[in-house]
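Listed here are the chains, written in short residue letters.
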Amino acid sequence: MSRAGSIVLLTGAGISAESGLATFRGAGGLWEGQRVEDVATPEAFRRDPARVHAFYNARRASLAQVQPNAAHLALARLERAWPGEVLLVTQNVDDLHDRAGSRNLLHMHGELLKVRCLRCEAVHPWTGPTSLDTVCPACGRPAGIRPHIVWFGEMPLEMARIEAALETCALFAAVGTSGNVYPAAGFVAGVRPGVPTVELNLEPSLVSSRFTDRRQGPASRLVPAWVDELLAGGIPA
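Residues numbered from 1 in each chain as written. Predicted model: local features only at pLDDT ≥ 70, side-chain atom pairs only at ≥ 80, totals over all residues. Heavy atoms only, no water.

Taking an unreviewed UniProt entry as the reference, the chain is identified by name as NAD-dependent protein deacylase belonging to Mesoterricola sediminis. Under Function (unreviewed entry), UniProt gives the following word-for-word description of the chain: "NAD-dependent lysine deacetylase and desuccinylase that specifically removes acetyl and succinyl groups on target proteins. Modulates the activities of several proteins which are inactive in their acylated form." (UniProt positions renumbered as here; feature names shortened; annotations may be inferred.)

S.K.: For this particular structure, what's the right way to read the overall build of the chain?
M.R.: Across its full length, the chain carries 8 helices and 11 strands. Relative to the 2.2 N^0.38 estimate, which gives 18 Å for 237 residues, the radius of gyration of the chain is 18 Å and therefore close to what a compact globule would have. The buried share of the chain, reckoned over its 237 residues, is 52%. Nonlocal contacts in the chain, meaning residues at least 24 apart in sequence, comprise 65% of its contacts between residues at least 6 apart. Carbon and sulfur atoms form 54% of the exposed surface of the chain, whose accessible area is close to 10,800 Å². (Helix = DSSP H or I, 4+ residues; strand = E, 2+ residues; numbered from the N terminus. Rg over C-alpha atoms; globule rule 2.2 N^0.38 Å. Buried < 20%, exposed > 50% of the residue type's maximum accessible area, 1.4 Å probe, protein only. Contact = heavy atoms within 4.5 Å. Areas by Shrake-Rupley, 256 points an atom, 1.4 Å probe, with all protein chains shown as cover.)

S.K.: Is there a simple way to think about the side chain of S205 in this case?
M.R.: Tracing the backbone shows S205 in the loop between β10 (197-201) and β11 (213-216). Polar contacts involving the side chain of S205 include one to the side chain of E199, which spans 2.4 Å. Non-local contacts of S205, meaning those with residues more than four positions away in its chain, are made with T177, S178, G179 and E199. (Polar contact = N/O pair within 3.5 Å; in protein donor to acceptor, adjacent residues only side chain to side chain.)

S.K.: Just to check I follow, could you spell out the packing of helix α5 (residues 70-81) against helix α8 (residues 219-233) for this structure?
M.R.: To describe two helices that pack against each other, one gives the angle between their axes and the distance between the axes. As a packed pair, α5 and α8 sit with axes 7 Å apart at the nearest point and diverge in direction by 15°. Taken together, the axes of α5 and α8 lie roughly parallel to each other. Crossing hand, α5 versus α8: left-handed. Within the contact between the two elements, α5 uses A70, A71, A74, L75, R77, L78 and A81 and α8 uses A219, S220, V223, P224, W226, V227, D228, L230 and L231. Grouping the constituent residues of the contact of α5 with α8 by class yields 13 nonpolar, 1 polar and 2 charged. (Axes fitted to C-alpha atoms, helices over the stretch in contact; angles between N-to-C directions. Parallel < 35°, antiparallel > 145°, perpendicular 65-115°, else oblique. Left-handed = near helix turned anticlockwise from the far one by under 90°. Nonpolar A, V, L, I, M, F, W, Y, C, P; charged D, E, K, R; others polar.)

S.K.: Mind showing me how you'd approach the sheet that holds strand β8 (residues 145-149) here?
M.R.: Strand pairing in a sheet relies on backbone hydrogen bonds. The paired strands run either parallel or antiparallel. Reading across the sheet, the 3 strands line up as β7-β6-β8 and stay open at both edges, with antiparallel pairing between neighbours. Each edge of the open sheet is held by one strand with a lone partner, namely β7 (123-125) and β8. The average angle at which neighbouring strand axes cross in this sheet is 40°, direction not considered. When strand β6 (residues 110-117) meets β7, the two strands line up antiparallel, connected through 3 bridges. From the neighbouring strand, R116 faces β7, where its bridge partner is V123. The strands touched by helix α4 (residues 49-62) are β6 and β8; relative to β6, the strand with the most contacts, the crossing angle is about 140°. (Pairing = 2+ DSSP bridges.)

S.K.: Sorry, what's going on with the sheet that holds β11 here?
M.R.: Taken in spatial order, the 6 strands of this open sheet run β5-β4-β1-β9-β10-β11, and their pairing is parallel. Each of the sheet's edge strands pairs with one partner strand only, and the pair in question is β5 (105-107) and β11. Here the strands of the sheet are splayed against their neighbours by 15° on average, with no regard to which way each runs. Sitting on the sheet, helix α7 (residues 159-168) touches β1 (7-11), β4 (86-90), β5 and β9 (171-175), and the angle it makes with β4 is about 130°.

S.K.: Looking at this model, I keep getting lost on α5. Mind explaining?
M.R.: Spacing of three or four residues puts side chains on the same side of an α-helix, whose turn is 3.6 residues. If you check α5, its first and last C-alpha atoms are 16 Å apart, about what 12 residues at 1.5 Å a residue would give, namely 16 Å. For α5, the set of buried residues is A71, H72, A74, L75, A76, L78 and E79. Tucked into the core, α5 has its buried residues touching β1, α1 (13-17), β4, α6 (96-100) and α8. Sitting at the head of α5, N69 places a side-chain oxygen 2.8 Å from the backbone nitrogen of A71. (Expected span 1.5 Å × (residues − 1).)

Put into structure tokens, the structure is as follows:
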């Protein structure tokens, strides 16, 4: 067992589902009753920006009704207590990891509580509604604000940093991920041979066979227990 080395954590919708947020792809490929093709692609925004604004306005408002759960809190505790670097990469656009206390955190699919201007590319924190008339605080022009979300067909954020961390980490763990969405589903293949990898999931993901350790159950139960185990014993050799 070793307490040295860096850890890379990947989280998906399953960790936030226990706080009451809908997973991105629910039954029938719907997210909160909407087809993802109608609200989560650049083409959808060009076709019907008012609908997309309304959808994300509702999602933004719903964040105020939920709180981080025990799994979010446990990962923040791991970051504070582990002697090496802990990098948390989340596919989730909510702010539950932020509120739980995670600081070395990358939102690879963007953030619901931020907007981006298509005219000047400035990114701004944003908690209220947006519309076609919203004015960019940086350039002062209207009709250019969009959610700071990586939609289908767009490149995830911070990929160079993520890939570098995967190549040098001593442990990789995925929590609440489906293995459906790339490039995140391929992260486990990006670690060096011999590096331990752990999947903590309600059920096996589509890439579960690639992990050296697989544990099934609710994240709010599995993750705190796993963090306790890791802090007590270190990374398995």
